[in-house]
Amino acid sequence: MKSYKPKVFVDFDGTITKQDVGNAFFRKFGNEAESMKAVAQWKSGEISGRDLLLTEASTAEVTESAAEKFVDGFEIDPTFRIFFDFCREEGIEMSILSDGLAFYIERILSSNGIAGVPVYSNSSHFKNGGIAIEFPYESECTKCANCKGYQILTQTGADDIIVYVGNGFSDRCAVQYADIVFAKDELLKYCEESNITYFPFNTFEEVRAKFSKILGSGKLRKRHRAELKRREAYLSE
Ligand SMILES: [Mg+2]
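Everything numeric in this text was worked out from a predicted model, so none of it was measured.

(A) Spotlight on the packing of aromatic side chains. The tally for this structure, following the rule as stated, stands at 18 aromatic pairs. For the ring pair F25 and F29, a centre distance of 5.1 Å and an interplane angle of 50° mean the geometry is tilted. Separated by 4 residues within a single helix, F25 and F29 lie in helix α1 (residues 21-29), roughly one turn from each other. Their ring planes at 75° and their centres at 5.1 Å tell us that W42 and F169 sit as a pair that is edge-to-face. Of this pair, W42 sits in helix α2 (residues 32-43) while F169 sits in the loop between β5 (160-166) and α8 (172-177), placing them 127 residues apart in sequence. By relative accessible area, which is 17% here, F169 ends up buried. Members of the aromatic cluster, each reached through a chain of ring pairs, are F12, F25, F26, F29, F70, F74, F103, Y104 and F126. Sitting above the plane of the F29 ring, K28 keeps its charged end 5.8 Å from the centroid. Lying across the ring of F169, R172 places its NZ or CZ 3.5 Å from the centre.

Below is the structure:
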């Protein structure tokens, strides 16, 4: 039997952190009503993730130090470390995929002693009392700014088993291509509605326990529909 290698991709906001930091950030420093309206429009498909971020940032008044102080108030799932160490010990690659902003992801990871994990997200810089957003990753996706499905397709090959852990709306493109999905909150509902097989979770300790069991059972298998989707995407390139 062919032996596949798992590659783990993890969402940040609301998955590693207990709350959605990006969302809270723009509600705090931008126009709260406009920000909430833009989020609703993004969820209904009226605007893209890119337009959502640009709209939110356009009303934000914030300095770098105020932003840093604010994000320092957010906690991560204390068991993320256990999962992170487990993957490292098993020699399994992990990346963080986010449609949020690098500055708070990197700051929160580093203040929690998590180092050496690649982060693929949008970028930003502070200027003139506001925040300007940059989009380092371009894809054809009209739903996302940094499309996680696109990231998975470009970072994996035929011998990889794709493991995805997420909670929200911006994870929809990712789970199409994932073989093993761990889902909670909105993503769990989406998987239910879309008939995507998933494991529910609340904490990363649960993810570690289940994933360790799957690895130990030797039943690391591709999900047929995900494999077809990936093949389709590779062919259309
Ligand atoms: Mg999330």
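(B) The arrangement of α1 in detail. Within α1, the full set of buried residues consists of V21, G22, A24, F25, F26 and F29. Capping the start of α1, D20 holds a side-chain oxygen 3.3 Å from the backbone nitrogen of G22, two or three residues further along.

(C) Structural view of the environment of V165. For V165, the location among the structural elements is in strand β5. In sequence terms V165 and N128 are 37 residues apart; their C-alpha atoms lie 37 Å from each other. If near-sequence neighbours (up to four positions away) are discounted, V165 is found in contact with F9, V10, D11, T15, F182, F201, F204 and V207.

(D) Structural context of the side chain of Q176. Tracing the backbone through its elements, the reader meets Q176 in helix α8. You can call Q176 buried: its relative accessible area is 17%. Among the polar contacts made by the side chain of Q176, one reaches the main-chain carbonyl oxygen of R172 at a distance of 3.0 Å. Here the side chain of Q176 touches Y190 through a polar contact of 2.8 Å, side chain to side chain.

(E) Main features of the coordination of the magnesium ion. Bound to the magnesium ion are the protein donor atoms D11 (OD), D13 (O) and N167 (OD1), situated 2.1 to 2.2 Å from the metal. When the donor residues of the magnesium ion are listed from N- to C-terminus, their spacing reads D-x1-D-x153-N. Pair noted here: D13 is in the loop between β1 (5-10) and α1 and N167 is in the loop between β5 and α8, with a separation of 154 residues, a long-range link. Each member of the pair, D13 as well as N167, is classed as buried.

(F) Layout of the nonpolar core. Ranked by internal contacts, the top residues of the largest apolar core, which has 50 residues, are F80, F83 and I131. Sequence-distant contacts of F83, that is, excluding residues within four places in its chain, are made with V8, V10, M94, F204, V207, R208 and F211. One finds I162, Y164, V175 and C191 within the second-largest nonpolar core, a separate group that totals 17 residues.

(G) Structural detail: the sheet that holds strand β6 (residues 180-183). An order of β4-β3-β2-β1-β5-β6-β7 is seen for the 7 strands of this open sheet, with the pairing classed as mixed. Two strands lie at the open edges of the sheet, namely β4 (130-134) and β7 (199-200), each paired on one side alone. Bridge analysis of strand β2 (residues 93-101) against strand β3 (residues 119-127) gives 3 bridges, and the strand direction is parallel. Its bridge partner lying in β3, I96 is registered against V119. Packed on one face of the sheet, helix α7 (residues 148-155) meets β1, β2, β3 and β5 and runs near 150° to β2.

(H) Highlighting the environment of K184. Position of K184 among the secondary structure elements: in the loop between β6 and α9 (185-193). Classification of K184 as buried rests on a relative accessible area of 13%. With 26 residues separating them along the chain, K184 and A158 place their C-alpha atoms 27 Å apart. Ignoring anything within four residues of it in the chain, the contact list for K184 reads G14, T15, G166, N167, F201 and N202.

Quick notes on the rules
Residues numbered from 1 in each chain as written. Predicted model: local features only at pLDDT ≥ 70, side-chain atom pairs only at ≥ 80, totals over all residues. Heavy atoms only, no water. Phe/Tyr/Trp six-rings, centres within 6.5 Å; stacked < 30°, edge-to-face > 60°. Helix = DSSP H or I, 4+ residues; strand = E, 2+ residues; numbered from the N terminus. Buried < 20%, exposed > 50% of the residue type's maximum accessible area, 1.4 Å probe, protein only. Lys NZ or Arg CZ within 6 Å of the ring centre and 35° of its normal. Polar contact = N/O pair within 3.5 Å; in protein donor to acceptor, adjacent residues only side chain to side chain. Contact = heavy atoms within 4.5 Å. Donors = N, O, S within 2.8 Å, 3.2 Å for Na, K, Ca; no water. Core = buried A, V, L, I, M, F, W, Y, C linked by side-chain atoms within 4.5 Å. Pairing = 2+ DSSP bridges. Axes fitted to C-alpha atoms, helices over the stretch in contact; angles between N-to-C directions.

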